Amino acid sequence: MNEIIARRQFTPLYLWLDIAFLVLYAALLLWKKKYATVLVGLCMGMLYMMVDYGIFHLATHSRSISEGHSLFWVLLWMSMSYGFTNFTWIWLWISKDERLFEWSFLILSWWFCCPLIASVGAGNGTPIIIQRTTGAYHGYMAIILFVGYAALVLYNLWQKESTRRIHIPWLLAIGILVQFGWEAGLLIGGIRSAGFETIAEKLRPLIVNSLLETNLGMPIIYALYIAYSRRCTEQLRRRERVSFTTRIAENNGGNQLGTIHH
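Student: Could you clarify how one ought to interpret a nonpolar patch on the surface in this entry?
Tutor: Where nonpolar side chains cluster on the molecular surface, the patch consists of L30, Y35, L39, L42 and L236 and spans about 420 Å² of accessible area. It is helix α2 (residues 35-59) that provides the largest number of residues to the nonpolar patch, a total of 3 residues. Along the chain, L236 turns up in the loop between α8 (218-229) and α9 (244-252). By relative accessible area, which is 43% here, L236 ends up partly exposed.

Student: I'm lost on the packing of aromatic side chains in this one. Help?
Tutor: The geometry of an aromatic ring pair is captured by the separation of the ring centres together with the interplanar angle, meaning the angle of the planes. Scanning all chains against the criterion turns up 19 aromatic pairs. Here the aromatic rings of Y82 and W111 are separated by 6.2 Å at their centres, their planes lie at 45°, and the arrangement is tilted. Here the residue Y82 occupies a position in helix α3 (residues 71-94), and W111 occupies one in helix α4 (residues 100-120), the gap between them amounting to 29 residues. Grouping residues by exposure puts Y82 and W111 together as buried. Between the aromatic rings of W89 and W111, the centroid separation amounts to 5.9 Å while the plane-to-plane angle is 65°, which identifies the pairing as edge-to-face. With W89 in helix α3 and W111 in helix α4, the pair connects residues that are 22 residues apart, well separated along the chain. This pair shows no difference in class: W89 is buried, exactly as W111 is.

The rules behind the values
Residues numbered from 1 in each chain as written. Predicted model: local features only at pLDDT ≥ 70, side-chain atom pairs only at ≥ 80, totals over all residues. Heavy atoms only, no water. Patch = residues over 30% accessible without salt bridge, like charges linked within 9 Å, V, L, I, M, F, W, Y side chains within 5 Å. Areas by Shrake-Rupley, 256 points an atom, 1.4 Å probe, with all protein chains shown as cover. Salt bridge = Lys/Arg side-chain N within 4 Å of Asp/Glu carboxyl O. Helix = DSSP H or I, 4+ residues; strand = E, 2+ residues; numbered from the N terminus. Buried < 20%, exposed > 50% of the residue type's maximum accessible area, 1.4 Å probe, protein only. Phe/Tyr/Trp six-rings, centres within 6.5 Å; stacked < 30°, edge-to-face > 60°.

In structure tokens, the structure reads:
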């Protein structure tokens, strides 16, 4: 596969607007007592930073940024922004939150509107251009993707009761659509497409990243959700412990993380 370049170009105002949104979004989650969701988002934001700065930049040297801007601080914002937003959204989706539509609409509308709002007050400021090449690590990501979903397939083949099987198409839909929403927002807003001339160059990151990058973590994040929610609620309270397979059956039946009280 030819090298895929994931590039973003945006103004500093875009960055500050997004930080303001993150504060608002986190405050709304805390207001609705989504404590576990917030903790997951913070942890995944830091994990994104470790991967993006530690692996993509320091190990593979695939990250670069335009002169005059700090790669560390811009990557810290990007990691917390999409790490926190993506994985809180995934956690809400897996837990079948009763307000999932409202959360989804808030996130998707912001990804679409933020570049447009930033363009109003951008002025003639120097844009931030940050990009990464993917040839050094997409193969390793594909291994993680295949192994993770193969493990789910083996688990389902082992389970005799259909109620205790994992809904793999549902996890695929979450993993693909969450990344697709993010990539589509960047593309439509001119953040991702800036500097690319052909349609193929603009669409390849959208298609490949949507199938691969967030989706590869879905089997792991689902296992973590089940492991956590079989012991505790969304409000970080202890519940009567159940087995891993019983919790899968509960989740398949629509039981939410925060509505189980014993």
